[in-house]
Amino acid sequence: MRPVIPYVTAALLFGLGGYGVLRRRNAVLVLMSVELMLNAVNLILVTADTTVRAVLPHSGQVFALFVIVLAAAEIGVGLAIVLQLYRLRSTVAVDDVALTEPAQTVDGREPAVLDVEAGR
């Protein structure tokens, strides 16, 4: 078997997934792009297992199985986060997600000033 075709296919899949992660604004499409990247890694692992005689038999296939389990867990957690984001913000656009909470002022003073005055 010529390993060039699966390696090139995996590189194209990984590049397409990387492009999707960097360019997409929809969180669901970002998760799909990550899945493309994981599938490209699985293709490389299985191809390397069949072409390279390793010390451990079928080690690439075992690692591919671990990657599939990792992908299933990632989808479960990722979709839960996306659903919670949609419930809170009514959008799944990644650009609209605030990574930090805005500082809330009380009587025009910052929270750090209030903590110092309270003795914390």
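Our structure's up above, just so we're on the same page.
As a starting point, this report considers the structure included with it. All values derive from a computational prediction rather than experimental measurement.

As a further point, take unusual backbone geometry. The backbone of Ser 90 shows a phi angle near 60°, a positive value even though the residue is not glycine. Within the element layout of this structure, Ser 90 appears in the loop between helix H3 (59–89) and helix H4 (111–118). The class of Ser 90 is exposed, set by a relative accessible area of 58%.

What follows is about the side chain of Ser 33. Turning to its location among the elements, Ser 33 is positioned in helix H2 (residues 27–51). Non-local contacts of Ser 33, meaning those with residues more than four positions away in its chain, are made with Gly 17, Gly 20 and Val 21.

Looking now at the packing of H2 against H3. The description of two helices packed together rests on the angle between their axes and the distance between the axes. Direction vectors running N to C along H2 and H3 enclose 175°, while the axes themselves pass 8 Å from each other. Relative to H3, H2 is oriented roughly antiparallel. Classifying every residue of the contact of H2 with H3 by side-chain character gives 15 nonpolar, five polar and three charged.

Compared with an ideal rise of 1.5 Å per residue, which puts 31 residues at 45 Å, H3 spans 44 Å between its outermost C-alpha atoms and is within 8% of the ideal. Within the sequence span of H3, burial applies to Ser 59, Gly 60, Ala 64, Val 67, Ala 71, Gly 78, Val 82 and Leu 85. Ser 90 lies just past H3 and shows a positive phi near 60°.

On to the packing of helix H1 (residues 4–23) against H2. Look at H1 against H2: their axes get within 8 Å of each other, and the N-to-C directions meet at 160°. Looking at the two axes, H1 sits roughly antiparallel to H2. Judged by the sense of rotation from one axis to the other, the crossing of H1 with H2 is left-handed. Contact residues: H1 offers Pro 6, Tyr 7, Thr 9, Ala 10, Leu 13, Phe 14, Leu 16, Gly 17, Gly 18, Gly 20 and Val 21, while H2 offers Val 30, Ser 33, Val 34, Leu 36, Met 37, Ala 40, Val 41, Leu 43, Ile 44, Thr 47, Ala 48 and Thr 51.

Each value, and the rule that gives it
Residues numbered from 1 in each chain as written. Predicted model: local features only at pLDDT ≥ 70, side-chain atom pairs only at ≥ 80, totals over all residues. Heavy atoms only, no water. Helix = DSSP H or I, 4+ residues; strand = E, 2+ residues; numbered from the N terminus. Buried < 20%, exposed > 50% of the residue type's maximum accessible area, 1.4 Å probe, protein only. Contact = heavy atoms within 4.5 Å. Axes fitted to C-alpha atoms, helices over the stretch in contact; angles between N-to-C directions. Parallel < 35°, antiparallel > 145°, perpendicular 65-115°, else oblique. Nonpolar A, V, L, I, M, F, W, Y, C, P; charged D, E, K, R; others polar. Expected span 1.5 Å × (residues − 1). Left-handed = near helix turned anticlockwise from the far one by under 90°.

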